[in-house]
Structure formats: C-alpha cells, structure tokens
Amino acid sequence: MMTVVPANPEMIEAAARHLALGRLVAFPTETVYGLGADATSGRAVAGIFEAKGRSRFNPLIVHVADVEEARGLALFTPLALRLAKAFWPGPLTLVVQRRVDDPLADLVTAGLGTVALRVPAHPVARALLAASGLPLAAPSANRSGHVSPTRAEHVAADLGSRVALILDGGPAALGLESTILDATGVRPVLLRSGAVTTESIEAMLGAGLARAAAMAGAPRSPGQLASHYAPRARLRLEAREVRPGEALLAFGTPVPPAAEPAINLSARGDLVEAAANLFAALRALDQPGVETIAVMPIPGTGLGEAINDRLRRGAAREDHL
Ligand code: TXA
Ligand code: MG
C-alpha cells in the first residue's frame, strides 16, 4: 500500500478514520507539512514523538477548525481574540491559557498550563479538521533535527513507514512555519518568527512587538533552541564568495561563481519566493560530500526575519563535527 495519497475527499475521510483510531496522518498546511494526531489522546500524541525520534517532549501546536473551537479549549484575553480574528485562518500560532476542563492530552502541552493553538488556512488541513472533528496536534512532519518538509515526498523520505497516510497537497505555499506569539499577557511576546511578518502584526496592533529572544531568562519556547532547524552540512552565513568544495545557497543577483551544487532561493530577490523555497533547497543541497553550504546575505525585513532565524539555527548546530 502506498503511504502517499492524493488529498481528495475520499482519502481525507480515510485519514480522519485513521486519526480517530489514534494513528498518525501527515497533511499539508500552508506553512509546512504537519504530522497529525488526535490531540485528546495521550497515546496518539506519544506516537508523534516516537515517529519523529524526539528525545524530549516539546509542547506541540494544536490545530483547530475555528476560533470557537479554540475558545472551547483555552482562555482568550481580549488581545488574543483580536489577534485570532485578524489572522485566522492563517499561519499565526497563539499560546493561550488552557481551560482546566479541556480534553487535551497533557503530553501535547508537555505538562504546561498553556497551549499553542492555530487555525490553518490550507483547504486540505481544514477538510481534515472538519472530517475528524478532532483538535489535531501537529508538529512539522520531519525526523527530529531535520529541516521541515514542504512537499509530500520530504515527509515520505523522513517518516514514510511510520505514518498511516501522507496526504499530498502539493508544495507548501509559504514554506516557513507559523509565527508563534505568547498571548497570555497584556502584551503579546514573539516566541518564534515565521510566516506572518512581525511588521504585519505590529501594524494590526498599532504597537511594537516584544521579542522573547531579547528577554532575560530561559527561552519560553523550546523551538528557540539554537540548533532546532539543522541540515547535516555546516552553514556559512553572510557568504560573499564560495570557497572550494562549498555548495551555494544564493539570493538575488549577482551570484558569486560557484561549483555545483548551487540553488538560488530567489533570483529576483523576492523574500516570499525565498521562504517558499528555503527548506526544499536546504534538503537538496545537503548531499553526501557537501560539508559546507555558503549562504549569501538575505535582508532581515519582512519574511527575511524568519528566514534568517532558521538559517542562524541551522548554522548553530554543534553536533555536525
Ligand atoms: O507552521 C507550523 O507551525 C507547523 C505546521 C505543521 O502547523 N507546526 C509546527 O509545530 O511548527 P512544531 O510542533 O514543530 O512547533 C511547535 C513550537 C515549538 O517551538 C514549541 O516549543 C512551541 O511551538 N510551543 C508549543 N506549545 C507551546 C507553549 N505552550 N508555550 C510555548 N511554546 C510552545
Ligand atoms: Mg519542527
């Protein structure tokens, strides 16, 4: 039996039945592919950690159908509600206070009193949420330490035998994970930059956004661990030339002369196009024999903030020596 199937209504129904039985289903979202499980079943959620090969229990994002379902699971401050209404469905994740009587498995929040919720915009994700009627825990559908999958074949390569089904919805439109905001307090705090730009959130709020990274103390989101998004090869950032033996991840033009392999994230210097291509390009360049990938400078504005965040994390890994 093929694990990768087209995301048609029949297969979405089949996927919903697998989820109801506690099995794992990979599905497309507008950001990256998710590895989904029933968020109310501790066993099903444990299966996610097992399949990803995660050694620690990180809290996972719970995907829901709409704001009403979200409010049934968690407490929304007026600010959280404003953010939800402005950006859902879409690639914004809100960390909010769990309800004491919510049906969520404690493992999905790693025992925290808060939960990360998002309403995805992708029609297949929405159809799966509707068909299953369940809140779905879904981290990115990659093995732990690998870059996030933006195509069904990435998921198959990483997790093929470990999931009941992979719904193929084509390449992810955005290619970067959702932006995560802690919305439990009076002012929201950016926990992870992502597909919704900081600028667009600030424009909606009419105020600047606090960043957790700039605050003292331990990171609130394990996704902030320096080496969370790492290809096997070393990344050399802000590269203006390509050294012998290096692969090249280019952006814009002109491009320094390079031996193969080389990929341009966006020859016309478009950050949206670059975001959509980023993880697939890292996977393609991260080949045996390539020790270092030279990465050209990428502007830090708009989606460039999240792109540079992922690249810095990729460059920070220490276990590739
Ligand atoms: O775009 C996305 O967000 C994708 C797609 C599949 O929706 N999902 C995704 O999930 O990236 P995941 O599990 O890989 O990322 C979850 C992030 C982690 O950094 C985790 O630490 C943070 O969300 N998180 C989850 N619950 C949290 C909580 N209660 N407090 C703080 N951070 C939390
Ligand atoms: Mg991930």
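Rules of the game
- Residues numbered from 1 in each chain as written.
- Chains lettered and ligands numbered in written order.
- Predicted model: local features only at pLDDT ≥ 70, side-chain atom pairs only at ≥ 80, totals over all residues.
- Heavy atoms only, no water.
- Helix = DSSP H or I, 4+ residues; strand = E, 2+ residues; numbered from the N terminus.
- Buried < 20%, exposed > 50% of the residue type's maximum accessible area, 1.4 Å probe, protein only.
- Contact = heavy atoms within 4.5 Å.
- Lys, Arg positive; Asp, Glu negative; His and termini not counted.
- Charge placed at Lys NZ, Arg CZ, Asp CG, Glu CD.
- Salt bridge = Lys/Arg side-chain N within 4 Å of Asp/Glu carboxyl O.
- Pairing = 2+ DSSP bridges.
- Axes fitted to C-alpha atoms, helices over the stretch in contact; angles between N-to-C directions.
- Core = buried A, V, L, I, M, F, W, Y, C linked by side-chain atoms within 4.5 Å.
- Arc of directions from axis to C-beta.
- Expected span 1.5 Å × (residues − 1).

*Asks:* Residue-level account of the overall build of the chain, with values.
*Replies:* Of regular secondary structure, the chain possesses nine helices and 16 strands. Looking at the chain as a whole, 55% of its 321 residues are labelled buried. Within the chain, residue pairs in contact and separated by at least 24 positions form 68% of the contacts whose partners lie at least 6 positions apart. Computed over 31 positive and 30 negative side-chain charges, the separation of the two mean positions in the chain equals 3 Å.

*Asks:* Could you give an account of the pattern of salt bridges, naming the residues involved and the relevant values?
*Replies:* One pass over the structure, following the stated rule, counts 14 salt bridges. Between Asp106 and Arg98 there is a salt bridge, and its shortest N-O distance comes to 2.9 Å. The exposure class of Asp106 is exposed, given its relative accessible area of 52%. Ionic pairing is found between Glu305 and Arg211, a salt bridge with its closest N-O pair at 3.3 Å. Residue Glu305 is found in helix α9 (residues 304-315), and its partner Arg211 is found in strand β12 (residues 210-211); the two are separated by 94 residues along the sequence. On the basis of relative accessible area, Glu305 is assigned to the buried category, the value being 18%.

*Asks:* Any chance you could break down the sheet that holds strand β13 (residues 234-236) for me, citing the residues and the numbers?
*Replies:* Strand order across the open sheet formed by four strands is β13-β16-β14-β15, with parallel pairing between neighbours. Each edge of the sheet is formed by a strand with only one pairing partner; in this case those strands are β13 and β15 (262-264). This sheet shows a mean twist of 20 degrees between the axes of neighbouring strands, independent of strand direction. Its contacts with the sheet put helix α8 (residues 271-285) on β13, β14 (247-250), β15 and β16 (292-295), and the angle it makes with β14 is roughly 170 degrees.

*Asks:* So what's going on with the pairing of strand β9 (residues 165-168)? Residues and values would help.
*Replies:* With three bridges joining them, strand β1 (residues 4-6) and β9 adopt parallel strand pairing. Its bridge partner lying in β9, Val4 is registered against Ile166. Across two bridges, strand β2 (residues 25-27) lies against β9 in parallel orientation. Within β9, the position partnered with Ala26 by the bridge is Ile166.

*Asks:* Outline the nonpolar core, supporting the account with residue identities and numerical values.
*Replies:* Counting residues in each nonpolar core, the largest one holds 49 residues, and the members touching the most others are Phe76, Leu83, Trp88, Leu94 and Leu117. Examining the composition of this core, we find that six residues originate from one element, helix α4 (residues 78-87), more than from any other. Among residues more than four places away in sequence, those in contact with Phe76 are Ala70, Arg71, Leu81, Ala84, Trp88, Leu94, Val96 and Leu117. Grouped together as the second largest cluster of nonpolar side chains are 25 residues, Leu235, Ala247, Ile293 and Leu311 included.

*Asks:* Break down the pairing of strand β10 (residues 179-182) for me, with residues and values.
*Replies:* For a regular strand, the rule is simple: side chains alternate between the two faces of the sheet. In β10, alternate side chains face the same way, and those of Thr179 and Leu181 on one face and Ile180 and Asp182 on the other are all buried. With four bridges joining them, strand β6 (residues 92-98) and β10 adopt parallel strand pairing. Within β10, the residue paired with Val95 across the bridge is Asp182. As defined by bridge partners, β10 adjoins strand β11 (residues 189-192) across three bridges and the pair is classed as antiparallel. If you follow Asp182 over to β11, its bridge partner there is Val189. Connecting β10 to the next strand, β11, in antiparallel fashion are six residues.

*Asks:* Tell me about helix α6 (residues 152-159), and name the residues and values.
*Replies:* Note that an α-helix has 3.6 residues per turn; residues three or four places apart therefore point the same way. Three or more residues of α6 are buried, namely Ala152, His154, Val155, Asp158 and Leu159. Viewed along the axis of α6, the buried residues span an arc of 155 degrees, placing them on a single side of the element. Residues of α6 that are buried sit in contact with β1, β2, β3 (34-38), α2 (42-52), β9 and α8.

*Asks:* Provide a residue-level description of α9, including the pertinent values.
*Replies:* In this model α9 runs 16 Å from its N-terminal to its C-terminal C-alpha over 12 residues, within 8% of the 16 Å that 1.5 Å per residue would give. When you tally the buried positions in α9, you get 10 out of 12 residues, the bulk of the element. Those residues of α9 lying buried are Gly304, Glu305, Ala306, Ile307, Asn308, Asp309, Arg310, Leu311, Arg313 and Gly314.

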